[in-house]
Amino acid sequence: MEQQAAVLHRRRFAGMGNLLKVLTREIENYPSFFLDFENAQATEGEREVWDQVNAVLQDSESILSGLQAYKGAGQEIRDAIQNPNDMTLQERAWNSVCPLVIKLKKFYSFSLRLEEALRSLLTSLTCPPLTPTQHLEREQALAKQFAEILHFTLRFDELKMRIPAIQNDFSYYRRTISRNRINNMNLDIENEVNNEMANRMSLFYAEATPMLKTLSTATTNFVAENKTLPLENTTDCLSTMASVCKVMLETPEYSSRFNSEDTLLFCMRVMVGVIILYDHVHPNGAFNKSSKIDMKGCIKVLKDQPADNVEGLLNALKFTTKHLNDESTPKNIRTMLQ
């Protein structure tokens, strides 16, 4: 009966355009199953968590739009610094920076909501008695949301890395607040961003990839806090998703059905995201020979894409993983990422 269902599933796939259904046929120890990243619908059992996570995800595009539109106050800040006695320029810089700081607080606050959403999904996708593979197979709507969180995270961090104005604006804001030199300075903003909030935001934006750092820490904490849950429940969930994405990208049978480049980018970002989380959570990391992720295959899949599409993702593997430079990492893997 199951075999018949699988055959029917495969036949349905043939006519479904860019539907992301993938058969992880090559992965040892895993049953074959599909991940429907595009059309998965929440079942009754998933509904409560799905609704909670969806409330967060539906704000993700506006967060990305806000970040993309971030222009910074570089010129105003330079003018103010070069003319320290010109109060008009001081106030102009301050009035330019304050709305930007409110924006930055909004992005930071969203990272906290995203962290909560990730924890809810991890709880659902790793809890006994089902194996992580069974969870991913049966709770496809939650697996899709997990993928969407990672997709958002990589996109946010790619954008943030191209906007040095963020840290310059925030540094100016903090220096000005602490000096409090401007006469009649409007300090109402401190009701919005007090010193403790400013400290937390400062640590967040100091990271090269702040959203990824937030998710890595959240996943590590999830494992540490759930001592009765076997570590493998979490790492197998991550490694299975990485393998699914790799198969989808490297198999023309699937990738040729994608209608847009965005679908390829989605898969690549999700694959890189779960690799980074796995590397932070597993004691031996993702690059070790004992890793359940085929790192060589994953890197090759990325390198086969146009360089402009994957430069940020390869950099994420280079600079935000934990174990790449361990002695146990095979030299050929290190060489591939140089």
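Residues numbered from 1 in each chain as written. Predicted model: local features only at pLDDT ≥ 70, side-chain atom pairs only at ≥ 80, totals over all residues. Heavy atoms only, no water.

As named in an unreviewed UniProt entry, the protein chain is CYRIA/CYRIB Rac1 binding domain-containing protein, taken from Oryzias javanicus. UniProt, in the comment section headed Sequence similarities (unreviewed entry), describes the protein chain in these words: "Belongs to the CYRI family." The annotation that UniProt attaches to the protein chain under Subcellular location (unreviewed entry) is "Membrane". (UniProt positions renumbered as here; feature names shortened; annotations may be inferred.)

Now for the overall build of the protein chain. A tally of regular secondary structure across the protein chain gives 17 helices and zero strands. Taken across its 338 residues, the protein chain has 52% of its residues classed as buried. (Helix = DSSP H or I, 4+ residues; strand = E, 2+ residues; numbered from the N terminus. Buried < 20%, exposed > 50% of the residue type's maximum accessible area, 1.4 Å probe, protein only.)

This part covers the packing of helix α2 (residues 47–57) against helix α5 (residues 87–126). At a minimum axis distance of 9 Å, the contact between α2 and α5 shows a crossing angle of 155°. Here α2 is positioned roughly antiparallel relative to α5, judged by the angle of their axes. When the axes of α2 and α5 are compared, the crossing they make is left-handed. Residues Val-49, Gln-52, Val-53, Ala-55 and Val-56 of α2 lie in contact with α5, whose contacting residues are Phe-110, Arg-113, Leu-114, Glu-116, Ala-117, Ser-120, Leu-121 and Ser-124. By residue class, the composition of the contact of α2 with α5 is eight nonpolar, three polar and two charged. (Axes fitted to C-alpha atoms, helices over the stretch in contact; angles between N-to-C directions. Parallel < 35°, antiparallel > 145°, perpendicular 65-115°, else oblique. Left-handed = near helix turned anticlockwise from the far one by under 90°. Contact = heavy atoms within 4.5 Å. Nonpolar A, V, L, I, M, F, W, Y, C, P; charged D, E, K, R; others polar.)

In this structure, Phe-146, Tyr-173, Ile-275 and Leu-302 are the most contacted members of the largest nonpolar core, which totals 94 residues. The element best represented in this core is α5, accounting for 16 residues. A domain split of this core shows at least three residues from each of domain 1 (62–207) and domain 2 (230–337). If we skip the residues at most four places from it in the chain, Tyr-173 touches Trp-94, Val-97, Val-101, Ile-189 and Val-193. (Core = buried A, V, L, I, M, F, W, Y, C linked by side-chain atoms within 4.5 Å. Domains from an automatic or database assignment.)

What follows covers the state of the cysteines. In the structure shown here, the tally under the stated rule is zero disulfides. Cys-245 provides the cysteine sulfur closest to Cys-267, a residue in no disulfide bond, and the two sulfurs are 5.6 Å apart. Cys-245 provides the cysteine sulfur closest to Cys-298, a residue in no disulfide bond, and the two sulfurs are 8.7 Å apart. (Disulfide = S-S within 2.5 Å.)

This part takes up helix α3 (residues 60–68). All of the buried residues along α3 are Ser-60, Ile-63, Leu-64, Gly-66 and Leu-67. Take α3 and look down its axis: the buried residues cluster within an arc of 160°, on one side only. Tucked into the core, α3 has its buried residues touching α2, α5, α7 (140–161) and α8 (165–179). (Arc of directions from axis to C-beta.)

This next bit is on the pattern of salt bridges. Scanning the entire structure with this criterion turns up eleven salt bridges. Across the pair Arg-200 and Glu-196 runs a salt bridge whose closest N-O atoms are separated by 2.8 Å. Of the two residues, Arg-200 and Glu-196 both sit in helix α10 (residues 195–206), four residues apart, roughly one turn of that helix. You can call Glu-196 exposed: its relative accessible area is 53%. Among the charged side chains, a network of salt bridges with common partners joins Lys-246, Glu-250 and Asp-294. (Salt bridge = Lys/Arg side-chain N within 4 Å of Asp/Glu carboxyl O.)

Between its terminal C-alpha atoms α10 stretches 16 Å, which fits the 16 Å expected from twelve residues at 1.5 Å a residue. Elements that come into contact with the buried residues of α10 comprise α5, α7, α8 and α11 (210–225). If you check the start of α10, you find a side-chain oxygen 3.2 Å away from the backbone N of Glu-196, and it comes from Asn-194. (Expected span 1.5 Å × (residues − 1). Polar contact = N/O pair within 3.5 Å; in protein donor to acceptor, adjacent residues only side chain to side chain.)

Within the fold, Asp-86 resides in the loop between α4 (74–82) and α5. Among the polar contacts made by the side chain of Asp-86, one reaches the main-chain amide nitrogen of Leu-89 at a distance of 3.2 Å.

With that settled, the discussion passes to the packing of aromatic side chains. Under the defined criterion, the tally for this structure stands at seven aromatic pairs. Relative to Tyr-173, the ring of Trp-94 has its centre 5.6 Å away and its plane inclined at 10°; by these criteria the two rings are stacked. Of this pair, Trp-94 sits in helix α5 while Tyr-173 is found in helix α8, placing the two residues 79 residues apart along the sequence. Exposure remark for Trp-94: the relative accessible area of 2% places this residue in the buried category. For Tyr-173, a relative accessible area of 2% translates into the label buried. Between Phe-110 and Phe-152, the ring centres sit 5.2 Å apart and the planes meet at 70°, which makes this aromatic pair edge-to-face. Taken together, the residues span a long stretch of sequence, with Phe-110 in helix α5 and Phe-152 in helix α7 at a distance of 42 residues. Across the pair, Phe-152 and Phe-110 agree in class, each one buried. (Phe/Tyr/Trp six-rings, centres within 6.5 Å; stacked < 30°, edge-to-face > 60°.)

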